[in-house]
Amino acid sequence: MRMSQSAFAIAMAVWGFSAGLAAAQETTAVAVTVKGHQFQPAEIHAPANKRLAIRVKNLDAAPMEFESVSLRVEKVIAPGSEGVVNVRPLSPGRYEFFDDFHQETRGTLVVQ
Ligand SMILES: [Cu+2]
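Residues numbered from 1 in each chain as written. Predicted model: local features only at pLDDT ≥ 70, side-chain atom pairs only at ≥ 80, totals over all residues. Heavy atoms only, no water.

Peer 1: Mind showing me how you'd approach the overall build of the protein here?
Peer 2: Counting secondary structure elements, the protein contains one helix and nine strands. The helix and strand sequence of the protein, counted from the amino end, reads α-β-β-β-β-β-β-β-β-β. Split into buried and exposed, the 112 residues of the protein put 34% on the buried side. Counting contacts in the protein only where the partners sit at least 6 residues apart, residues at least 24 apart contribute 58% of the total. Surface accessibility of the protein: about 6,700 Å² in total, with carbon and sulfur atoms responsible for 58%. (Helix = DSSP H or I, 4+ residues; strand = E, 2+ residues; numbered from the N terminus. Buried < 20%, exposed > 50% of the residue type's maximum accessible area, 1.4 Å probe, protein only. Contact = heavy atoms within 4.5 Å. Areas by Shrake-Rupley, 256 points an atom, 1.4 Å probe, with all protein chains shown as cover.)

Peer 1: What's the story with the sheet that holds strand S6 (residues 73-77) in this structure? I'm lost.
Peer 2: The pairing of strands in a sheet happens through backbone hydrogen bonds and is either parallel or antiparallel. Here five strands make up an open sheet; going across it, the order is S3-S9-S8-S5-S6 and the pairing mixed. Taken across any chain shown, the strands that pair with only one partner, and hence form the sheet edges, are strand S3 (43-46) and S6. Averaged over all adjacent pairs, the angle separating strand axes in this sheet is 20 degrees, with direction ignored. When strand S5 (residues 64-68) meets S6, the two strands line up antiparallel, connected through five bridges. Directly across from phenylalanine 66, in S6, lies its bridge partner lysine 75. (Pairing = 2+ DSSP bridges. Axes fitted to C-alpha atoms, helices over the stretch in contact; angles between N-to-C directions.)

Peer 1: Would you mind showing me how to read the packing of aromatic side chains here?
Peer 2: For any pair of aromatic rings, the description consists of the separation of the ring centres together with the inter-plane angle of the planes. Within the structure shown, the criterion is met by three aromatic pairs. Judged by centre distance (6.0 Å) and plane angle (85 degrees), the rings of phenylalanine 39 and phenylalanine 66 are edge-to-face. Of this pair, phenylalanine 39 sits in strand S2 (residues 38-40) while phenylalanine 66 sits in strand S5, and the two are 27 residues apart along the sequence. For phenylalanine 39, a relative accessible area of 6% corresponds to the buried category. Using a relative accessible area of 0% as the deciding quantity, one classes phenylalanine 66 as buried. Ring centres of phenylalanine 39 and phenylalanine 97 lie 4.7 Å apart, and the angle between their planes is 85 degrees; this geometry places the pair in the edge-to-face category. In this pair, phenylalanine 39 sits in strand S2 while phenylalanine 97 sits in strand S8 (residues 93-99), placing the two residues 58 residues apart along the sequence. (Phe/Tyr/Trp six-rings, centres within 6.5 Å; stacked < 30°, edge-to-face > 60°.)

Here you go:
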């Protein structure tokens, strides 16, 4: 490879890497509410390969803990309060989440 070609290849690699990084750094907001120990909606949707900010609103009179083993997150949310759970860019798939204080309260994040 001649010098100019390798310099071009390196420039393109750096550009591609930065573009990928910028895409991953874009954050998509997703919202879910808890009421009567039920997630509403019980299934939320989000794009793949984007950082997510899941806004969880707890409308119940009891504290809840938004938790997911596959997403590797947990956050306690006080009654009548809300919290934001930050999630890394994900591959397409289904990711279960639940209220760790009321384990029957379950939902799914569908990433596509
Ligand atoms: Cu927990």
